[in-house]
Amino acid sequence: MIDNKTYSLKDIIKTGLLSGLIALSLSVIGFITLLNKRELVAGILSLGHVFLFSPLIAFAYLSAVRIKDEGKYKILGSGFLIGILTSIPLLILALIEHFYDIRQFLVNVSPDLMEILLFNQGIVAGSIILMLGMGLVGLLAAGLQTLPENIRGPITYALTWTLLIGTFSEILSGRLRSFFGPQFVKIIFVRKALNPLVAGILLLFFAGLEINTQKRKKRDDVKRPWKNLDPRIKNGLGMLLLLLLPLVLGTYLTEVVNNVGLYVLMGLGLNIVVGFAGLLDLGYVAFFAIGAYVMGILTTQGHLGFVSMSFWTALPFSVGAATLAGIMLGIPVLRMRGDYLAIVTLGFGEIIRILALSDMLKNQFGGAQGILQIPKPNIAGFDLVKPEFLFYVILLGVLLALFVSWRLRDSRLGRQWMAMREDEDVAEAMGINLVSTKLLAFATGAAFSGLAGAIFASKLTSIFPHSFNLIVSINVLCLIIVGGLGSLPGVVVGALILVGLPELLREFAEYRMLMYGALLIVMMLLMPEGFIPSEVSKRELHAHEIQD
Amino acid sequence: MQRRLKDINFLDVVLWILRAVIIGAVIWGSIATIIENPYPINTWVETIIAGVAQGSLYALIAIGYTLVYGVLFMINFAHGEFFMAGILTATIFLAQPWGKSGFLNQHPLIGLAIITILSITISVGIALLTERVAYRPLRKAPRLVPLITAIGASFFWQYFFRGLFGSDVKGFPQLEILTGKISVFGILVLKTHAVVIVSAVLMLIGLYIFVMKTKVGKSIRAVAEDKDVAALMGIDVDRAITITFATGAAMAGIAGVLYALVFRQVHFFMGFIPGIKAFTAAVLGGIGSIPGAALGGLLLGMFESVGPGLFLEGLGIPAPHQLKDVIAFTLLVLILILRPQGILGERISKEKA
Amino acid sequence: MSKKLYIFSILIALSLILAACGGAEYDCEDALGCVSYAEGEPVRLASALVISGANADLGLDSQYGVEIAIAFQETLFGHEIELQAEDDGCSAEGGQAAGQKIVSDPTIVGIVGTSCSGAGVPMSKVVSDAGYAMVSPSNTAPSLTDPAVAWNPGYLRTAHNDEVQGKAMAEFALEVLGVTTAAAIHDGDPYTEGLARVFADSFEEMGGTIVEFTAVNKGDTDMRPALAAVAAAGPPEFIYYPVFTAEGGFLTKQAKEVSGLEDTILAAADGMISESAIEAVGEAGEGMYFSGPDLGFSGDLYDKFIAKYVEDYGSEPISVFHAHAFDATRMLLGCIEQVAVEDGDSIHIGRQALRTCLYATADFEGITGTLTCTEHGDCADPQISVSQLTDGEYVPVWP
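Since we're looking at a predicted model, the values are computed, not measured.

### Brief notes about the overall build of chain C
- Across its full length, chain C carries 12 helices and 18 strands.
- For chain C, with 399 residues in total, the buried portion stands at 64%.
- The contacts of chain C with a sequence gap of at least 6 include a subset with a gap of at least 24, amounting to 70%.
- Summing over all exposed atoms, chain C offers an accessible surface of approximately 12900 Å²; the carbon and sulfur share of this is 52%.
- Across chain C, the centroid of the 17 positively charged side chains sits 10 Å from that of the 60 negatively charged ones.

### A look at the overall build of chain B
- A tally of helices and strands in chain B yields 13 helices and 4 strands.
- Its C-alpha atoms give chain B a radius of gyration of 22 Å, within 12% of the compact-globule value 20 Å for 353 residues.
- Its C-alpha atoms give chain B principal-axis dimensions of roughly 65 × 60 × 40 Å.
- Every one of the 353 residues in chain B was classed for burial, and the buried ones make up 61%.

### A look at the nonpolar core
- The biggest cluster of nonpolar side chains holds 352 residues, and the ones touching the most others in it are A:Leu477, B:Ile115, B:Phe161, C:Phe199 and C:Tyr241.
- For this core, the element with the highest residue contribution is helix α10 (residues 237–263) of chain B, accounting for 19 residues.
- In this structure, B:Phe161 is in contact with B:Met84, B:Ala85, B:Leu88, B:Thr89, B:Ile126 and B:Gly166, ignoring residues within four places of it in sequence.

### Examining the domain arrangement of chain C
All names here are of chain C.
- What the domain assignment reports for chain C is domain 1 (34–160 + 298–371) and domain 2 (163–292).
- Each of domain 1 and domain 2 has a C-alpha centre, and these two points are 30 Å apart.
- Across the contact, 11 residues belong to domain 1 and 10 residues belong to domain 2.
- Summing both partners gives a buried area of about 1100 Å² for domain 1 against domain 2, and 63% of it is carried by carbon and sulfur.
- For the side of domain 1 that touches domain 2, a count of residues per class yields 6 nonpolar, 4 polar and 1 charged.

### Some points on the interface of chain A and chain B
- If you look at the interface, chain A gives 57 residues, while chain B gives 69 residues.
- Both sides of the chain A and chain B interface together cover about 5800 Å² of buried area, and 77% of this is carbon and sulfur.
- If you sort the residues of chain A by the area they bury against chain B, A:Phe105, A:Arg335 and A:Tyr340 come out on top, with a joint share of 15%.
- Taken together, the links from chain A to chain B amount to 0 salt bridges.
- Linking chain A with chain B are 5 residue pairs in polar contact (both at pLDDT 80 or more), by the criterion used here.
- Looking at the side of chain A that touches chain B, the element that brings in the most residues is helix α14 (residues 338–357) of chain A, giving 12 residues.
- Across the side of chain A that touches chain B, the residue classes break down as 39 nonpolar, 8 polar and 10 charged.

### Quick notes on the side chain of C:Thr145
Residue and element names in this part refer to chain C.
- Relative to the elements of secondary structure, Thr145 occurs in the loop between β6 (134–136) and β7 (155–157).
- A relative accessible area of 9% means that Thr145 is categorised as buried.
- A polar contact is formed between the side chain of Thr145 and the side chain of Arg157, at a distance of 2.9 Å.
- Within the structure, Thr145 has its side chain in polar contact with the side chain of Asp378 (distance 3.0 Å).
- In this structure, Thr145 is in contact with Trp151, Tyr155, Arg157, Asn161, His376, Gly377 and Asp378, ignoring residues within four places of it in sequence.

### What about the environment of C:Ala159?
- Along the polypeptide, C:Ala159 turns up in the loop between β7 and α5 (162–176).
- Counting along the chain gives 24 residues from C:Ala159 to C:Val135, while the straight-line C-alpha distance between them is 9.3 Å.

### With respect to unusual backbone geometry
All names here are of chain C.
- Cis geometry marks the peptide bond from Gly113 to Thr114, where omega comes out at 5 degrees.
- Relative to the helices and strands, Thr114 resides in the loop between β5 (108–113) and α4 (117–129).
- Cis geometry marks the peptide bond from Gly234 to Pro235, where omega comes out at -15 degrees.
- Along the chain, Pro235 falls in the loop between α7 (224–233) and β10 (238–240).
- The phi dihedral of Cys90 falls on the positive side, at around 55 degrees, and the residue is not glycine.
- Accessibility expressed as a relative area gives 16% for Cys90, which makes it buried.

### Thoughts on a negative patch on the surface
- The grouping of B:Glu176, C:Glu275, C:Glu279, C:Glu283, C:Glu286, C:Glu316, C:Asp391 and C:Glu393 at the surface amounts to a negative patch.
- Summarising the element assignment, C:Glu283 is placed in the loop between α9 (275–281) and β12 (289–292).
- Residue classification places C:Glu283 among the exposed positions, given a relative accessible area of 64%.

### Overview of the side chain of C:Ser319
All names here are of chain C.
- As for its position among the elements, Ser319 is in the loop between α10 (300–313) and α11 (321–339).
- Residue classification places Ser319 among the buried residues on the basis of a relative accessible area of 6%.
- In contact with Ser319, other than residues within four places in its own chain, are Asp57, Leu58, Asp61, Ile273 and Ser274.

### Focus on helix α8 (residues 215–225) of chain B
Residues and elements named next belong to chain B.
- Taken together, the buried positions of α8 are occupied by Gly217, Ser219, Ile220, Val223 and Ala224. The arc that holds the buried residues of α8, viewed along the axis, is 160 degrees, so those residues lie on one side. Of the exposed residues in α8, the ones pointing more than 90 degrees away from its buried face are Lys215, Lys218 and Glu225.
- Buried residues belonging to α8 abut α2 (41–72), α7 (191–213), α9 (227–232) and α10.

### Quick look at the interface of chain C and chain A
- Contact with chain C, which involves 59 residues of that partner, is made by 46 residues of chain A.
- With both chains or domains summed, chain C and chain A bury close to 4600 Å², and 58% of this area falls on carbon and sulfur atoms.
- The interface formed by chain C and chain A contains 4 salt bridges.
- For C:Arg197, the salt bridge goes to A:Asp359, with nearest N and O atoms at 3.6 Å.
- On the surface where chain C and chain A come into contact, there are 11 residue pairs in polar contact (both at pLDDT 80 or more).
- Counting only elements with at least two residues in the side of chain C that touches chain A, the list comes to α1 (2–20), β4 (79–87), α3 (92–103), α4, α6 (190–205), β9 (209–215) and α10 of chain C.
- With 10 residues, α1(C) is the largest single contributor of residues to the side of chain C that touches chain A.
- Tallied by class, the residues present in the side of chain C that touches chain A amount to 27 nonpolar, 17 polar and 15 charged.

### Concerning the confidence of the model for chain B
Residue and element names in this part refer to chain B.
- Taken residue by residue, chain B gives an average pLDDT of 87. The fraction at 70 or more is 95%.
- When pLDDT is averaged over each helix and strand of chain B, the minimum, 79, is found for helix α1 (residues 5–36) and the maximum, 94, for helix α5 (residues 108–135).
- Within the model, pLDDT remains below 50 along residues 349–353, and this stretch shows 11 contacts once partners closer than five positions in the same chain are excluded.

### Section: the state of the cysteines
Residues and elements named next belong to chain C.
- Enumeration over the complete set of coordinates arrives at 4 disulfides over all chains.
- At a sulfur-sulfur separation of 2.1 Å, the disulfide partner of Cys373 is Cys379. Taking the torsion about the sulfur-sulfur bond, which here is approximately 105 degrees, the covalent link between Cys373 and Cys379 counts as right-handed. Both residues of the pair, Cys373 and Cys379, count as buried.

### Structural notes on the sheet that holds β10(C)
All names here are of chain C.
- Strands sit in the order β9-β8-β10-β11-β12-β17-β18 across an open sheet of 7 strands; the sheet is mixed. For this open sheet the edge positions go to β9 and β18 (393–398), each flanked by a neighbour on one side alone. Neighbour to neighbour, the strand axes of the sheet diverge by 25 degrees on average, direction disregarded.
- Pairing between strand β8 (residues 181–186) and β10: 3 bridges, direction parallel. Within β10, the residue paired with Ala183 across the bridge is Ile239.
- The sheet contacts of α6 involve β8, β9 and β10, and relative to β8 the element is tilted by about 165 degrees.

### Quick look at the sheet that holds strand β14 (residues 346–350) of chain C
Residue and element names in this part refer to chain C.
- With antiparallel pairing, the 3 strands of this open sheet are ordered in space as β1-β14-β13. The open sheet terminates on both sides in strands that have one partner only, identified here as β1 (34–37) and β13 (341–343). Neighbour-to-neighbour, the strand axes of this sheet turn through a mean angle of 20 degrees, independent of strand direction.
- Relative to β14, β1 runs antiparallel, the two being bridged by 4 bridges. Considered in β14, the bridge of Ser36 is made with His348.

### Side note on the pairing of β18(C)
All names here are of chain C.
- The sheet contact formed by strand β17 (residues 385–390) and β18 spans 5 bridges and is antiparallel. Each residue of the ladder has a partner; that of Val386, found in β18, is Trp398.
- What sits between the antiparallel neighbours β17 and β18 is a turn of 2 residues, in which Asp391 has the positive phi angle 50 degrees.

What counts, and where the lines are drawn
- Residues numbered from 1 in each chain as written.
- Chains lettered and ligands numbered in written order.
- Predicted model: local features only at pLDDT ≥ 70, side-chain atom pairs only at ≥ 80, totals over all residues.
- Heavy atoms only, no water.
- Helix = DSSP H or I, 4+ residues; strand = E, 2+ residues; numbered from the N terminus.
- Buried < 20%, exposed > 50% of the residue type's maximum accessible area, 1.4 Å probe, protein only.
- Contact = heavy atoms within 4.5 Å.
- Areas by Shrake-Rupley, 256 points an atom, 1.4 Å probe, with all protein chains shown as cover.
- Lys, Arg positive; Asp, Glu negative; His and termini not counted.
- Charge placed at Lys NZ, Arg CZ, Asp CG, Glu CD.
- Rg over C-alpha atoms; globule rule 2.2 N^0.38 Å.
- Core = buried A, V, L, I, M, F, W, Y, C linked by side-chain atoms within 4.5 Å.
- Domains from an automatic or database assignment.
- Buried area = accessible area lost by both parts, 1.4 Å probe.
- Nonpolar A, V, L, I, M, F, W, Y, C, P; charged D, E, K, R; others polar.
- Salt bridge = Lys/Arg side-chain N within 4 Å of Asp/Glu carboxyl O.
- Polar contact = N/O pair within 3.5 Å; in protein donor to acceptor, adjacent residues only side chain to side chain.
- Patch = residues over 30% accessible without salt bridge, like charges linked within 9 Å, V, L, I, M, F, W, Y side chains within 5 Å.
- Arc of directions from axis to C-beta.
- pLDDT = per-residue confidence, 0-100.
- Disulfide = S-S within 2.5 Å.
- Pairing = 2+ DSSP bridges.
- Axes fitted to C-alpha atoms, helices over the stretch in contact; angles between N-to-C directions.

Structure (structure tokens):
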């Protein structure tokens, strides 16, 4: 972050204090306390400790990288100093709390937090342990930098993977249990944490793995057996894996994948509107809502229903209604640009939600009480109740949408959209009919979203207006940009990161949104063009650099 | 416009019909309401004043959006959180303890002044931190990227402050000198409303002078016009942008105090919806224009307050106030169809759009 | 060296697996299967409450209630008790996801949740289909215990059905306060809308007049226009707005400032019984009425509860449903204790037996009253109490 080449003592002090402030922030908002309940390695290491020390480790390592040519002692010294400095804000907090009750202001400065910070010791002994402990950790983190690559690599690799396995042990233990039985799981995991012995084994295993890879790389004989396969066989195998996915994942993970799938569907639709055609739409949830409500009204067996259609009969109506709504929204905003378009579409999304919620239309849409008793999709008299079955319906929808998006992108219409995105006036001058091109973008995008909404309603069997608020639109927009605007694989990856990951981190519920926000910022800072940038935007970014 | 001969007929007809329908519904509803005459005149006056007060708050927050948009062309989604952060902190550390000890009622002016200073400090601090970490490194990135970091920052601050202070609603003590109503030209106005409206007007005038008459303001305007040329002219662009953020956040910090005076409760989630409303107001008035933001905020507050009673009550629609956002957004669409650049906005060039 | 590491780690892993094999299986005769806990394993409960978003204080408060109930119980047959806290997101999709996650874990025996009725509808289905049992501390929608609509066999609740609470408030207003005109306001939440509607319907049925039934939005701050409309329609003698603290605070304070409503009696429901609500309504709330469970008579246990709450979470309860959650958890733990079969140091709990026991709950002394479950899982004490805010404290005034 600091660009000057000389990295002086002052910078080290600044870094140390910054790391201390971050650790302090994580502590006072209760994050550390919550995570401390979650052990990674039973009896030894909790997630709370990892997060308490993580800013220190990161900063100590990074500053060691900055001064890597200045000799071992200076590097180690800087690590130690950063460690000590990191502990200072925490010590101040502990001292203040010791003499004065600041919990009346900051609710999360609890006795539990003090126990964590002071390692269950008194204020004096605890402070010394914390200070020296942090110094030591800083020293080690900086020391890591001084090690040669062939030692450092395996160490970081092994640590990362073991910690990841520990973090996701809850989900892993569930899956392992269903494959190998509860006895097996009991050995590997003690409650939700890794058995220390197993953690040791994992460390050795991953270290060995990495050493092996490094050796192979050196000898340049990295095995890639799949490289020579026929692409058709490759695709076939991929498809087969996809079809077997629910069996591997089990109920809960399939449910997560299903939710990701619905967001992929919406993402693909919004990708056409924003990514291809360049029309910023912040009210995309409206079409999702329309799809869901049409499905709900046409199929419900409750008192709001009047036709009781099946899922498959109602589906075209849902998608059709959403498409129509897309066109109707499109017309008034045809001449609006950029952020004016954004706010009007946002308004449209809110209008749809409020109307669904309103007392005025309660007899049609159920008002606040929503629509209940929506049947699940049914194939040949068999209700698709379990997530494992619904998976295939969603997969079908996603594949269809992917195919359509892919074909459209390279079609004449797709090129018109992109021309319009680059410059509306020039596009028009080239003979592109802006009205129909824009309306087609809105309509296609809305159709995908309507499809997602229809499946959503049927999947939940009940819908409430609150499921269709602004956050959904924001989520979808975030996921296509994080994935890489205009890129189809990007949509899938974006949805996995922004919908799947928070779902897996369900146990951090209170802080999920905090982590989500931080994740958005970090991802964009590290990869402004998205996770998998589209070819076009790669070129654009490059062109941009030349222009400047 | 003349070039679009082929499309103009179809599109214009549709837009004209849309306009006619909206205006027709508004007029029909209003006439029905007036004939039915459900409210005494007094109620109308109260409702209008409440709308103006609410609108003044929107205006103060909207200015932050407009200022930042003016120089960076980005929607600073996290602005509502700056508004929340300042007053929430000031309430916890100052207003609540002082309310309990009675200090606030003994020395209301000094107390409020210190609360305001803390609120501004925190709001500005959070804003500058956000700018430094989440926006500045992305100044050259595609336009949607800072929007995403802004959304991220919005969530982050919301839940950060929730972690700090807890998720419950915090009461803001009632000030004795601001209890009750005063008579302005024979109309009874709540003292808190009067304070909000007067301070908002003063702040707006002050800001206008700051931006238009001072040297710093001039540098902000220069950066808004063209960053590269401004840099060539020896203007420190980073500094101008920082000042812009600080100014917007300071207004939000003051808006927070006024909000607390009127509504007397604060909450970690309180910034999100006013943030969106203020963004709407900024666009309504023409994003990038300071008087536009003020006018947009005022209009939005009025629509929300008066609209449901005036346009919907007469049509016999149940629970009309539930639909106030529908009215606000429909009128927004109407205005933007008539003037796509907002009420006071300049015709935006395509680089800015 | 790497190969040695490799082989070494695999060998150790294999030996561990072998060592683990060979535990005797318990022969479970329960129709829905059993949960077994071996020696040293904790008994596991799950909660699915809203702990993120604008309603977070509602769910967190309930979660604290669950945690305290577990802390008071300490152990079951020498097994510790562990809680897995999930978020229901206060939405249908959140409830379904939380439900799927919980039922994918066979070591969980019972569930406390959900907070919001909207989340409860799909979750009740998921949980019941999987053979689990859930007790909700704060779902109040009548549909959830209506077998014709959304009831499922694994679902119970300790919260009051809106039908009960709305009717009780109408009765109180008409008969005790002697008012004849009233207005009701909701905020579009299924809970507040349902309760306001039942109140309005009952009030008219019993011979009163509803002058205005209207709504505001969640997140609104300026309630004056809606209140002015209420004033213009009557003004009514009584306004019932069973909303939550944020909107309720605004409504209360602003009602006092709208001309015509200065002397109107204000009333809210259990969504606003909390320290934070007292703070939010401020002086304007003096004399206001609240319907809800009667927490006053439970005496010692509740005092002990509050002391623990303040110690652990740093504030007085932030909502009211902690009490229902506490009772729900105690009901669950009590039934686990009843139906668990001890087998050496391990215990086995039949899922159907647990359900049967829960549904058979009768005269259970909780802090929200005496709980008896109906055949469709409404367990709350039918006795609604009305308290009045006097000098910043809730004072029971009825019955």
